[in-house]
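This is what each chain is made of:
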Amino acid sequence: MAAPLELSCWGGGWGLPSVHSESLVVMAYAKFSGAPLKVNVIDKTWRGSRGDVPILTTEDNIVSQPAKILNFLRKQKYNADCELSAKQGADTLAYIALLEEKLLPAVLHTFWVENDNYFTVTKPWFASRIPFPLSLILPGRMSRGALNRILLTRGEPPLYHVNEVEAKIYRDAKECLNLLSNRLGTSQFFFGDTPSTLDAYVFGFLAPLYKVHFPKVHLQEHLKQLSNLCRLCDDILNSYFRHGPVAFSSMNRNQ
Amino acid sequence: MSLVAEAFVSQIAATEPWPENATLYQQLRGEQILLSDNAASLAVQAFLQMCNLPIRVECRANAEYMSPSGKVPFIHVGNQVVSELGPIVQFVKAKGHSLSDGLDEVQKAEMKAYMELVNNMLLTAELYLQWCDEATVGEITHARYGSPYPWPLNHILAYQKQWEVKRKMKAIGWGNKTLDQVLEDVDQCCQALSQRLGTQHYFFNKQPTELDALVFGHLYTILTTQLTSDELSEKVKNYSNLLAFCRRIEQCYFEDQCKGRLS
């Protein structure tokens, strides 16, 4: 428990501590469970690796992927779910699966595949944080990885073409957002008054969609209509990430 | 199916009642069908039984290629063909039969979430075990998958499918998982299902829903399929309420048809 925990992840912008969903999930969970994390933001120097981010390093372990990092933190006694019942724990697992299956393809598409968004926002942002000449290669590789994932999981043979799946994945994402909004209702967090793993995952996936300014915004518009989800993101940002820039989040308070 | 095609099918579906000669197509039961496809097919059969809709099961070697989406099972009703449990549930709903109408919004959200959990963890674990675990691939999968076809087609098709599945595993981050990690994920999933089921008869109220059909399809198939080792079925056997659940659905809906017995 005393070993220093270092997290290397992508940096923030638009009022968020990180623009990358998976990094944001880990950062939020660490705040909720009280784990002392030292955050190393990836920048233009050659220090640290860029693949497989977020990565947690301790004295003798290197852990990647959010699910594994969260498990590791729980084993170190940093548990944000200690007040949940068994059924709520089961619900958490189910809702995370729902997020990954229904919402993630659309988020990946909005950031990495939609041409307007990718070339005007995502690519310049990431390229400015990667040293040359890797900045010419890595964003393209991340974009192709995202497209690959979307097509392999949602595309239908024999015509694996992105146009056919676009409408389907956005429809599924909107349905998923509606389901989350119904589940959240009027409570402050998904399971009562304290945030848990599910809140971390929802925050991680929704906050970049909510805050980043894109030219093509139709999923963002749908999200903004679900005021309880926006309120959840704003509450988490204000309570747990207050030392970050607050100008943008205060503009969007819906209370 | 594209959105326009789906809307069109729903419109047509709503006008005709369920015919007597509705058929479900899957691969050959004895020699060809694999664990994951068998689970999916059983889930659809259970769902249709729960809705009291008659269905005849036809086994064809090329069922996978006949299906509009490339996945089995698919049903042929009237002059429409619909594949996979999700679209089939929608199709049946358009015809006026639904198991989940009595649920409120929060329960519907939970049901969808748990169905995704089963698809995300159980189905992916089954695919991993069948196609990425060398022992199972060599002894069971390759031989079964290509069995209706002559040499060299049987080998070519099996390798092609294996390559496709491995590519998908890599894209979703399961490419580097070991078998033990996969079995642990299965255990976690079963634990979640067991906790959600608790002491109830079905997952929601006293009536079964499509979630019950899906869980039954997967768990029953895992319990009754002979693999190279029993580790997968042992994980499920740890949860007695899941075993009781499978037995109950088998007795209520499949007494006449199912020959397999749970041990």
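Above this text is the structure in question.
In what follows, the accompanying structure is described.

Conventions and cut-offs
- Residues numbered from 1 in each chain as written.
- Chains lettered and ligands numbered in written order.
- Predicted model: local features only at pLDDT ≥ 70, side-chain atom pairs only at ≥ 80, totals over all residues.
- Heavy atoms only, no water.
- Helix = DSSP H or I, 4+ residues; strand = E, 2+ residues; numbered from the N terminus.
- Buried < 20%, exposed > 50% of the residue type's maximum accessible area, 1.4 Å probe, protein only.
- Contact = heavy atoms within 4.5 Å.
- Phe/Tyr/Trp six-rings, centres within 6.5 Å; stacked < 30°, edge-to-face > 60°.
- Lys NZ or Arg CZ within 6 Å of the ring centre and 35° of its normal.
- Salt bridge = Lys/Arg side-chain N within 4 Å of Asp/Glu carboxyl O.
- Expected span 1.5 Å × (residues − 1).
- Polar contact = N/O pair within 3.5 Å; in protein donor to acceptor, adjacent residues only side chain to side chain.

Quick notes on the overall build of chain A
Working step 1: Each helix and strand counted, chain A has ten helices and four strands in total.
Working step 2: When the helices and strands of chain A are listed from N to C terminus, the series reads β-α-β-β-β-α-α-α-α-α-α-α-α-α.
Working step 3: Every one of the 255 residues in chain A was classed for burial, and the buried ones make up 55%.
Working step 4: Across chain A, every contact between residues at least 6 apart in sequence was considered, and the portion connecting residues at least 24 apart equals 72%.

Details of the packing of aromatic side chains
The description of an aromatic ring pair uses the distance of the two centres, along with the angle that the planes make with each other.
Working step 1: Applying the stated rule across the entire model yields 14 aromatic pairs over all chains.
Working step 2: Ring centres of Trp112(A) and Tyr118(A) lie 6.0 Å apart, and the angle between their planes is 45°; this geometry places the pair in the tilted category. Summarising the burial analysis for this pair, Trp112(A) and Tyr118(A) share the class buried.
Working step 3: Following the ring pairs from residue to residue traces out a cluster consisting of Trp10(A), Trp112(A), Tyr118(A), Phe119(A), Trp125(A) and Phe126(A).
Working step 4: When the ring centre of Trp125(A) is taken as origin, the NZ or CZ atom of Arg129(A), which lies over that ring, is 3.8 Å away.
Working step 5: Sitting over the face of the ring of Phe204(B), Arg196(B) holds its NZ or CZ atom 4.8 Å from the ring centroid.

What about the pattern of salt bridges?
Working step 1: Under the counting rule described, the total for this entry stands at 15 salt bridges over all chains.
Working step 2: Here Lys87(A) ties to Glu110(B) by a salt bridge, and the two come within 3.8 Å at their closest N and O atoms. Residue Lys87(A) is found in helix H3 (residues 86-113), and its partner Glu110(B) is found in helix H5 (residues 105-131); the two belong to separate chains.
Working step 3: Where Lys177(B) meets Asp185(B), a salt bridge forms, and the shortest distance between an N and an O atom there is 2.6 Å. Asp185(B) matches Lys177(B) in its accessibility class, with the two residues each being buried.

Observations concerning helix H2 (residues 35-50) of chain B
Residue and element names in this part refer to chain B.
Working step 1: The end-to-end C-alpha separation of H2 is 22 Å, in line with the 22 Å expected for 16 residues at 1.5 Å each.
Working step 2: Most of H2 sits out of view: 13 of its 16 residues are buried.
Working step 3: Among the residues trailing H2, Asn-52 stands out with phi positive, at a value near 65°.

A word on the environment of Gln80(B)
Residue and element names in this part refer to chain B.
Working step 1: If you trace the backbone, Gln-80 turns up in strand S4 (residues 80-83).
Working step 2: Classification of Gln-80 as buried rests on a relative accessible area of 7%.
Working step 3: Residues Gln-80 and Ala-61, 19 residues apart in the sequence, show an inter-C-alpha distance of 21 Å.
Working step 4: Engagement of the side chain of Gln-80 in a polar contact is seen with the side chain of Asn-79, the distance being 3.4 Å.

Remarks on unusual backbone geometry
Working step 1: Across the junction of Phe132(A) and Pro133(A), the peptide omega takes the value 0°, indicating a cis bond.
Working step 2: Within the secondary structure, Pro133(A) is located in the loop between helix H4 (115-127) and helix H5 (134-154).
Working step 3: A cis amide bond links Val72(B) with the next residue in sequence, Pro73(B), at an omega value of 0°.
Working step 4: Checked against the element boundaries, Pro73(B) lands in the loop between helix H3 (63-66) and strand S3 (74-77).
Working step 5: Even without being a glycine, Trp14(A) presents a positive backbone phi close to 55°.
Working step 6: Structurally, the position occupied by Trp14(A) is in the loop between strand S1 (5-9) and helix H1 (21-33).
Working step 7: Backbone geometry at Gln65(A) places phi at a positive 70°, although glycine is not the residue there.

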